Amino acid sequence: MRLGHDRVWVRVPASSANLGPGYDSFGLALTLYDEVEVAATADPDVRVEVVGEGAGVVPSGADHLVARTILETLDKVGASRTGLRLRCTNAIPHGRGLGSSASAVVAGILAVRGLLAEPDLLDDAAVLDLATRYEGHPDNVAPTVFGGLTLAWTLDQTARPRAVRLALHRDIQPVVAIPPTRLATETARRVLPLEVPHATASAQAARAALLVEALGRRPDLLFEATVDRLHQEQRRSVMPDSLALVDALRRRGVPAVVSGAGPTVLAFGVRRTLDAEAEMHEVFGGVLGGWTITTLPADTDGGTVERQ
């Protein structure tokens, strides 16, 4: 396998996973982006410049997540490794439950797609498969690849992951409240029980099914559809402020959930019916304490790559 180009530009969206009851399966791409310029060089060194989120903190060489993904993906497709110059302009917060690591992994794989002389070898299904292997779960990967609202699943531990785009009602307006503190996904997963009662699993399945209808056709059902019994309350000890915000918003009738593994909070506003951003500001009472509140419409394109 050979490279056909030596410079590409990649853009990948943030994402919110779970969306309440859709644990490890539902995901929504959001209009907040990381951008990566990649140049393949004859010099074997790997150098990474980071602007924005992570600048001065994340690695600047071959162990940077995007660079590492590029090198590993070149190996996977049978292409020779090359030197790299990366410029990463990051807007997606790290460790906040907005899919930053999934976005980095997808960016690296898409960069290889752009560099290859035969990019069709890395079609969307292959990108989803590789990114899930690197990331561990397809819930954030799927919306980052395909855009929009997605449902991802695997038949078993050895099968390739699959994903479909779901309808998203045009009046739904996602709003996020991003805290100043980070939370590692591993920490958030560690506090979950290994087993749950049958009644909990049954209730969760019903709400997840209802969520498809609420997000696609019936936004008036969003409050009921976003009830979770599987993972949010169980994580209160590691993100008490986030769950307190979810509680306060839900007392006001706002469909609010933890975004991914947290600690960002996601709320669904509905145009002409529910201003979720205004409700968030009301809850904070003008004192945000380092939190950032912003409306982020759904991204519909997913990750993109351009050859330069």
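Placed above this text is the structure.
Residues numbered from 1 in each chain as written. Predicted model: local features only at pLDDT ≥ 70, side-chain atom pairs only at ≥ 80, totals over all residues. Heavy atoms only, no water.

Engineer: Outline helix H9 (residues 276–284), supporting the account with residue identities and numerical values.
Structural biologist: One turn of an α-helix holds 3.6 residues; hence residues three or four places apart share an orientation. Considered for burial, the residues of H9 that qualify are Ala276, Glu279, Met280 and Phe284. Along H9, the residues classed as buried sweep out an arc of 135° about the axis, all on the same side. The backbone nitrogen of Glu277 has a side-chain oxygen 3.3 Å away, supplied by the residue at the start of H9, namely Asp275. With its phi angle positive at about 65°, Gly285 sits one or two positions after the end of H9. (Buried < 20%, exposed > 50% of the residue type's maximum accessible area, 1.4 Å probe, protein only. Helix = DSSP H or I, 4+ residues; strand = E, 2+ residues; numbered from the N terminus. Arc of directions from axis to C-beta. Polar contact = N/O pair within 3.5 Å; in protein donor to acceptor, adjacent residues only side chain to side chain.)

Engineer: Outline the packing of helix H8 (residues 240–251) against H9, listing residues and values.
Structural biologist: Their axes nearest at 10 Å, the elements H8 and H9 cross at an angle of 115°. Considering only the axes of H8 and H9, their crossing is right-handed. Only Glu279, Met280, Val283 and Phe284 of H9 make contact with H8, whose side of the interface consists of Leu245, Ala248 and Leu249. (Axes fitted to C-alpha atoms, helices over the stretch in contact; angles between N-to-C directions. Left-handed = near helix turned anticlockwise from the far one by under 90°. Contact = heavy atoms within 4.5 Å.)

Engineer: Before we move on, can you summarise the pattern of salt bridges with the specific residues and values?
Structural biologist: Considering all chains together, one arrives at 16 salt bridges under this definition. Between Arg87 and Glu49 there is a salt bridge, and its shortest N-O distance comes to 2.6 Å. Residue Arg87 is found in strand S4 (residues 83–90), and its partner Glu49 is found in strand S3 (residues 46–52); the two are separated by 38 residues along the sequence. One salt bridge in this structure joins Glu53 and Arg182, with 3.2 Å as the shortest N-O distance. Of this pair, Glu53 sits in the loop between S3 and helix H1 (65–77) while Arg182 sits in the loop between strand S7 (172–178) and helix H5 (185–190), and the two are 129 residues apart along the sequence. Each of Asp129, Arg133 and Arg160 takes part in a single network of salt bridges with overlapping partners. (Salt bridge = Lys/Arg side-chain N within 4 Å of Asp/Glu carboxyl O.)

Engineer: Outline the nonpolar core, listing residues and values.
Structural biologist: Most often, soluble globular proteins keep nonpolar side chains buried together rather than apart. If you look at the biggest cluster of nonpolar residues, it comprises 46 residues, and the most contacted ones within it are Leu19, Leu215, Leu222, Val265, Phe268 and Met280. Looking at this core, the elements with two or more residues in it are strand S2 (22–41), S7, helix H6 (198–216), helix H7 (222–225), H8, strand S8 (256–258), strand S9 (265–270) and H9. Among all residues touching Leu19, those that are not within four sequence positions of it are Phe26, Gly27, Leu28, Leu149, Leu211, Leu215, Thr226, Val257, Leu266 and Phe268. (Core = buried A, V, L, I, M, F, W, Y, C linked by side-chain atoms within 4.5 Å.)

Engineer: So what's going on with the layout of surface pockets? Which residues, and what values?
Structural biologist: Space inside the largest pocket adds up to approximately 880 Å³. What lines the largest pocket is a set of 42 residues, among which Leu65, Ser100, Ser101, Glu135 and Thr185 lie closest to the centre. Secondary-structure elements contributing two or more residues to the lining of the largest pocket are strand S1 (7–18), S2, H1, S4, helix H2 (100–115), helix H3 (124–135) and H5. The greatest single-element share of the lining of the largest pocket, amounting to five residues, is contributed by H1. Partitioning the lining of the largest pocket into residue classes produces 16 nonpolar, 15 polar and eleven charged. In this structure, the second largest pocket occupies an estimated 320 Å³ of space. If you trace the second largest pocket, you find 16 residues lining it, with Thr132, Gly136, Thr154, Asp156 and Gln157 closest to the centre. (1 Å grid on protein atoms, 1.4 Å probe; cavity = no way out; pocket = protein on both sides within 12 Å on 5 of 7 lines; lining within 4 Å. Points joined across faces, edges and corners; volume = space filled by probe spheres on them. Nonpolar A, V, L, I, M, F, W, Y, C, P; charged D, E, K, R; others polar.)

Engineer: Account for the environment of Gln234, naming residues and giving values.
Structural biologist: With respect to the helices and strands, Gln234 occurs in the loop between H7 and H8. For Gln234 and Gln204, which are 30 residues apart along the polypeptide, the C-alpha to C-alpha distance reads 14 Å. For Gln234, the side chain forms a polar contact with the main-chain oxygen of Leu230, separated by 3.1 Å. A polar atom in the side chain of Gln234 sits 3.3 Å from the backbone nitrogen of His231.

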